[in-house]
Amino acid sequence: SERAGEEVMMLDIKLFRETPELVREGLARRQMDAAVVDEVVALDERRRRLILDVEAKKAERNAVSKEIGRMKSKEEREAKISAMRLLGDEISALDESLKQTESNLYDVMAGIPNIPDADVPLGPDDKHNVVLRTIGKPKQFDFEPKAHWDLGTDLNIIDFEAGVKLSGTRFYVLKGAGARLERALIFWMLDLHIRQGYKEFYPPWMVREEVMFASGQLPKFADNLYRDHQEDFWWVPTAEVPLTGMLMGEIIDESALPMNLTAYTACFRREKMSAGRDVRGIKRGHQFDKVEMYKYCLPENAEQELENMVADACATCEGLGLTYRVLKQCTGDLSFGSHKTYDVEVWAPGCQEWLEVSSVSNIGQFQARRANIKVRPADGSGLRYVNTLNGSGLGLPRTLIAVLENYQQADGSILVPEVLKPLMGGIEVIR
């Protein structure tokens, strides 16, 4: 029941008490029914009334206990003791009611997403995301460029049949130079982020349930996650999850901020594909690789740190020589925990589409509240919640798709990008 206390609220309970209209407006912008705000307000008011009632009854019991100790009459003591039993029953009933109310409040608030920044454009889905800038022009070929599923098969570096044989649909096997190219991309990205000022981590790929909750994955996305029921482990859908969980329940000195972290993990998600473009190739799968960027910072510095992280993701695209664009997500496309998000997309000439390789998000204090991560200010003032941000730097296999399709030659071979050549063991052209 203590989980529902003010220390572990998903959103600041003061928003619901003092400015509920702002929460209603934020949820309405997310295309959500704002009636849940009234439910939270009612539960919070009931919870506070019950706390006052319980405290008053307990104070009364303490006072009567002292009074009984001073009584000399046996009859008076027995009468008071009998009354105390009734009072104890009342306290027990109130405690149970408080516990249930706190549990209900916790469950309702656990399902409420973060409130969008006022700067986030209004829109129902990703078709209403706003393109802010495009860097470079789509590459022009003097031949018909192939899609990666043909390139990979012709060069024998992507084996779709082996993936299906091993694990079923939406799995594949990278072979030879294809596997080495994926590994080179991961190594190069990690090294780039280290040069950008990030510290590398290699976290577990399985975490406990409370870590999934802290990062905002549970309970909202339980149906999209993979779980080992025997040990109650959850396979991570992104390195953001363990990078959040590492500091659960801890206090960070302000002098340690900002903290810039990067990590590579395989990621596991139940992808629900519909018919169409997404079902072919390696764009979507239940397992994929990703290099993550993550930041802890002071709330007042979050906007600048968000811009810094977007620049770091863009530098990764530029280093690979890819044409890319930056979009601002609309309210209908924001993730559950996001306060504000930019997407970075690269152009894939074979697929003839823009592929999202990074979503860079300011999460505000949403995760910090769930994980109870605070900062100790240098001026000695009271503890407060830290601000978290995350972004892909970059996500594979879409980056691999863009490399394969942009660097293809008329004879079907693929040039290795200059920055990856030192990691390819002498392979400069994949034939």
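Before reading further, recall that the structure is shown in the block above.
This report concerns the structure included in the present document. The model shown is predicted, which means the values in this text are computed figures rather than measured ones.

Conventions used here
Residues numbered from 1 in each chain as written. Predicted model: local features only at pLDDT ≥ 70, side-chain atom pairs only at ≥ 80, totals over all residues. Heavy atoms only, no water. Helix = DSSP H or I, 4+ residues; strand = E, 2+ residues; numbered from the N terminus. Buried < 20%, exposed > 50% of the residue type's maximum accessible area, 1.4 Å probe, protein only. Lys, Arg positive; Asp, Glu negative; His and termini not counted. Charge placed at Lys NZ, Arg CZ, Asp CG, Glu CD. Expected span 1.5 Å × (residues − 1). Phe/Tyr/Trp six-rings, centres within 6.5 Å; stacked < 30°, edge-to-face > 60°. Lys NZ or Arg CZ within 6 Å of the ring centre and 35° of its normal. 1 Å grid on protein atoms, 1.4 Å probe; cavity = no way out; pocket = protein on both sides within 12 Å on 5 of 7 lines; lining within 4 Å. Points joined across faces, edges and corners; volume = space filled by probe spheres on them. Pairing = 2+ DSSP bridges. Contact = heavy atoms within 4.5 Å. Polar contact = N/O pair within 3.5 Å; in protein donor to acceptor, adjacent residues only side chain to side chain. Core = buried A, V, L, I, M, F, W, Y, C linked by side-chain atoms within 4.5 Å. Salt bridge = Lys/Arg side-chain N within 4 Å of Asp/Glu carboxyl O.

1. Overview of the overall build of the protein
- Helix and strand content of the protein: twelve helices and 18 strands.
- With the C-alpha coordinates of the protein rotated into their principal frame, the extents come out at 105 × 45 × 40 Å.
- Each of the 431 residues in the protein was classed as buried or not, and the buried ones make up 50%.
- Placing the 56 positive and 68 negative side-chain charges of the protein at their respective mean positions leaves the two points 2 Å apart.

2. Topic: helix H10 (residues 302–319)
- For H10, with 18 residues, the first-to-last C-alpha span of 26 Å sits near the 26 Å given by 1.5 Å per residue.
- When we look at burial in H10, the residues that qualify are Ala302, Glu305, Leu306, Met309, Val310, Asp312, Ala313, Cys314, Thr316 and Cys317.
- Just past H10, the residue Gly321 takes up positive phi, approximately 70°.

3. Digging into the packing of aromatic side chains
- This structure, assessed with the given rule, holds nine aromatic pairs.
- One aromatic cluster is present, formed by Tyr202, Trp205 and Tyr264 through successive ring pairs.
- Directly above the aromatic system of Tyr407 lies the positively charged group of Lys139, at a separation of 5.9 Å from the ring centroid.
- The lysine or arginine in question, Lys374, covers the ring of Tyr385, its NZ or CZ lying 5.1 Å from the ring centre.

4. Notes on the layout of surface pockets
- Roughly 480 Å³ of volume is contained in the second largest pocket.
- Taken together, 25 residues form the lining of the second largest pocket, with Leu15, Asn114, Ile115, Pro116 and His339 sitting closest to its centre.
- Going through the elements one at a time, helix H2 (20–29), H10, strand E13 (353–364) and helix H11 (366–371) are the ones with two or more residues in the lining of the second largest pocket.
- Counting residues per element, the lining of the second largest pocket draws most heavily on H2, at five residues.

5. Observations concerning the pairing of strand E10 (residues 287–297)
- Across the eleven residues of E10, ten count as buried, placing the element largely inside the fold.
- Where strand E9 (residues 259–268) meets E10, ten bridges bridge the pair, whose relative direction is antiparallel. Across the sheet, Asn260 pairs through a bridge with Lys295, a residue of E10.
- Here seven bridges tie E10 to strand E16 (residues 387–395), and the two strands are oriented antiparallel to one another. Following the sheet pairing, Tyr296 is matched in E16 by Thr388.

6. Let's talk about the environment of Lys340
- Within the fold, Lys340 resides in strand E12 (residues 340–348).
- In this structure the C-alpha to C-alpha distance between Lys340 and Ala118, which are 222 residues apart in sequence, comes to 8.9 Å.
- Apart from residues no more than four positions distant in its own chain, Lys340 is found in contact with Asp117, Asp119, Val120, Glu303, Leu306, Lys328, Leu334, Val360, Ser361 and Asn362.
- Polar side-chain contacts of Lys340 include one of 3.4 Å to the side chain of Tyr342.

7. Looking at the nonpolar core
- Leu181, Leu185, Val346, Leu400, Leu420 and Ile430 are the most contacted members of the largest nonpolar core, which totals 57 residues.
- In terms of residues, this core owes the most to one element, helix H7 (residues 177–195), which gives nine residues.
- Look past the residues within four positions of Ile430 in its chain and what remains in contact with it is Leu155, Ile157, Ala177, Leu181, Ser413, Ile414 and Val416.

8. Topic: the pattern of salt bridges
- Counted by the stated rule, this structure contains 25 salt bridges.
- Notably, a salt bridge pairs Lys175 with Asp159, separated by 3.5 Å at the nearest N-O pair. Highlighted residues: Lys175 in the loop between strand E3 (173–174) and H7 and Asp159 in strand E2 (residues 158–159), separated in sequence by 16 residues.
- Relative accessible area serves as the criterion here: at 27%, Lys175 is assigned to the partly exposed category.
- Between Arg284 and Glu271 there is a salt bridge, with the nearest N and O atoms lying 3.2 Å from each other. You can see Arg284 sitting in the loop between E9 and E10 and its partner Glu271 sitting in the loop between E9 and E10, a full 13 residues away along the chain.
- Accessibility expressed as a relative area gives 26% for Arg284, which makes it partly exposed.
- A cluster of three or more residues bridged by salt bridges with shared partners is formed by Arg17, Asp44, Arg47, Arg48 and Glu102.

9. Notes on the sheet that holds strand E15 (residues 384–385)
- Pairing within the open sheet is mixed, and its three strands lie in the order E8-E14-E15. Looking at which strands have only one partner, the edges of the open sheet turn out to be strand E8 (251–253) and E15.
- Of the strand pairs in this sheet, strand E14 (residues 374–376) and E15 are connected by two bridges, and their pairing is antiparallel. Bridge pairing links Lys374 to Tyr385 in E15.

Everything listed here is a matter of coordinates, which is why it stays silent on function.
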